[in-house]
Structures are given as C-alpha cells and as structure tokens.
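Observations on the model geometry
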Amino acid sequence: METNQDNTSELDFKDSKYATGKRKTSIAKIWLKKGSGKIVVNGKDYKVYFTRANHKMQLLRPFEIINQSTSYDVRCDVKGGGHTGQVGAMVHGISKALLQFDSTLKPTLKKEKLTTRDSRAVERKKYGHRKARRSFQFSKR
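Residues numbered from 1 in each chain as written. Predicted model: local features only at pLDDT ≥ 70, side-chain atom pairs only at ≥ 80, totals over all residues. Heavy atoms only, no water.

Observations regarding the overall build of the protein chain
Across its full length, the protein chain holds five helices and five strands. Traced from its N-terminal end to its C-terminal end, the protein chain shows the element sequence α-β-β-β-β-α-α-β-α-α. Taken against the 2.2 N^0.38 rule, which gives 14 Å for 141 residues, the C-alpha radius of gyration of the protein chain at 19 Å runs more than 25% over that of a compact globule. C-alpha atoms of the protein chain, sized along the principal axes, occupy 70 × 40 × 25 Å. Residues classed as buried in the protein chain amount to 34% of the 141 residues present. For the protein chain, the share of sequence-separated contacts (at least 6 apart) that also reach a separation of at least 24 residues comes to 69%. Accessible area for the protein chain stands at about 9500 Å²; split by element, carbon and sulfur atoms hold 50% of it. (Helix = DSSP H or I, 4+ residues; strand = E, 2+ residues; numbered from the N terminus. Rg over C-alpha atoms; globule rule 2.2 N^0.38 Å. Buried < 20%, exposed > 50% of the residue type's maximum accessible area, 1.4 Å probe, protein only. Contact = heavy atoms within 4.5 Å. Areas by Shrake-Rupley, 256 points an atom, 1.4 Å probe, with all protein chains shown as cover.)

Structure (structure tokens):
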C-alpha cells in the first residue's frame, strides 16, 4: 500500500513548484501545489514522521505566517542529518516554493528569516583538543 501512496502523490504533483531547502547536513526536496493542506514526508504523513510537537509546529510555521495553513499540499523527500535539521531544511524549501507561487509574500517571510539558509553547523574537532574548543586538562606536575 505504501508504494501505491507514493505513486498517487507523485501523480498529483505534476503541476507543482519545486524548491530545495538546506539546514546543517540535511537536504529537502520540496514539491508544493495548491491543495487541502496535506504534507507528505518521505512517503509518510508529517504527523507520523515527526514525533515531537515542536517539529510539527515548526514545519507549519511558513503557512501560519501567510495565514494559509490549508491552502497548499506538500510532498518532500529529505535526506541527511537528524529530525531538527530536516525540519529546518523543509521550512527553508517550503518558503522558497511559496515565493514561486506568490512573490508578494517575500517581505513577510524574509522578516521571519525563513527564506535565508541557516548556515550554522557543528564546528569540527581540532587536533590537540578534546572537542572543538575544549582542551585537555592541564597538569603542572
């Protein structure tokens, strides 16, 4: 049955807008079209895929800002990172796709910083250190 759902969602999104969103090491491919507010992530409903309440709330944020929470259907393929990074990548991609539908939304989405890629990522570990910045404990004797 799951493969059948993927095929139907793929057929529905022929006349949709496409955008790519990124956050940390996650990459989200977003297909957005006018619809009833259905959000599918990797073939599953977003409520099943994301278990934490703040992830679900964060995912719906672009639609709440433009006051059209049930006007668009979203299909997303997301790879890499954890759930927090994946939600951030999806929000970035959804915002970019919404701008393709209506460019007058740009000031409101830009004010909430949803159109800009969040470039923060984990700092790499350096040699001679225990972590990225934490040194080993100094011993005098």
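Comments concerning the nonpolar core
As a rule of thumb, soluble globular proteins bury nonpolar side chains together. Membership of the largest hydrophobic core comes to 27 residues, with the highest contact counts inside it found for Ile30, Val41, Phe50, Phe63, Met90 and Leu98. Those elements giving two or more residues to this core turn out to be strand 2 (26–34), strand 3 (39–41), helix 2 (46–49), helix 3 (53–65), strand 5 (72–79) and helix 4 (83–101). Tallying contributions element by element places helix 4 first for this core, with eight residues. Those residues in contact with Phe63 that sit more than four places away from it in its chain are Leu32, Ile39, Gln68, Ser69, Tyr72, Val74, Ile94 and Leu98. (Core = buried A, V, L, I, M, F, W, Y, C linked by side-chain atoms within 4.5 Å.)

A word on the pairing of strand 1 (residues 17–23)
As paired elements, strand 1 and strand 2 share seven bridges and run antiparallel to each other. Residue pairing in the sheet places Lys22 in a bridge with Ile27 of strand 2. Between the antiparallel neighbours strand 1 and strand 2 lie two residues, among them Lys24 with a positive phi of about 50°. (Pairing = 2+ DSSP bridges.)

Regarding the environment of Lys44
Position of Lys44 relative to the elements: it lies in strand 4 (residues 44–45). Once the C-alpha coordinates of Lys44 and Cys76 are considered, the two residues, 32 residues apart in sequence, prove to be 9.6 Å apart. The contact partners of Lys44, leaving out residues within four places of it in the chain, are Ile39 and Tyr49.

With respect to the environment of Val41
Tracing the backbone shows Val41 in strand 3. When its relative accessible area of 0% is taken as the criterion, Val41 is described as buried. Leave out the neighbours within four places in its chain, and Val41 touches Tyr46, Tyr49, Phe50, Cys76, Val78 and Met90.

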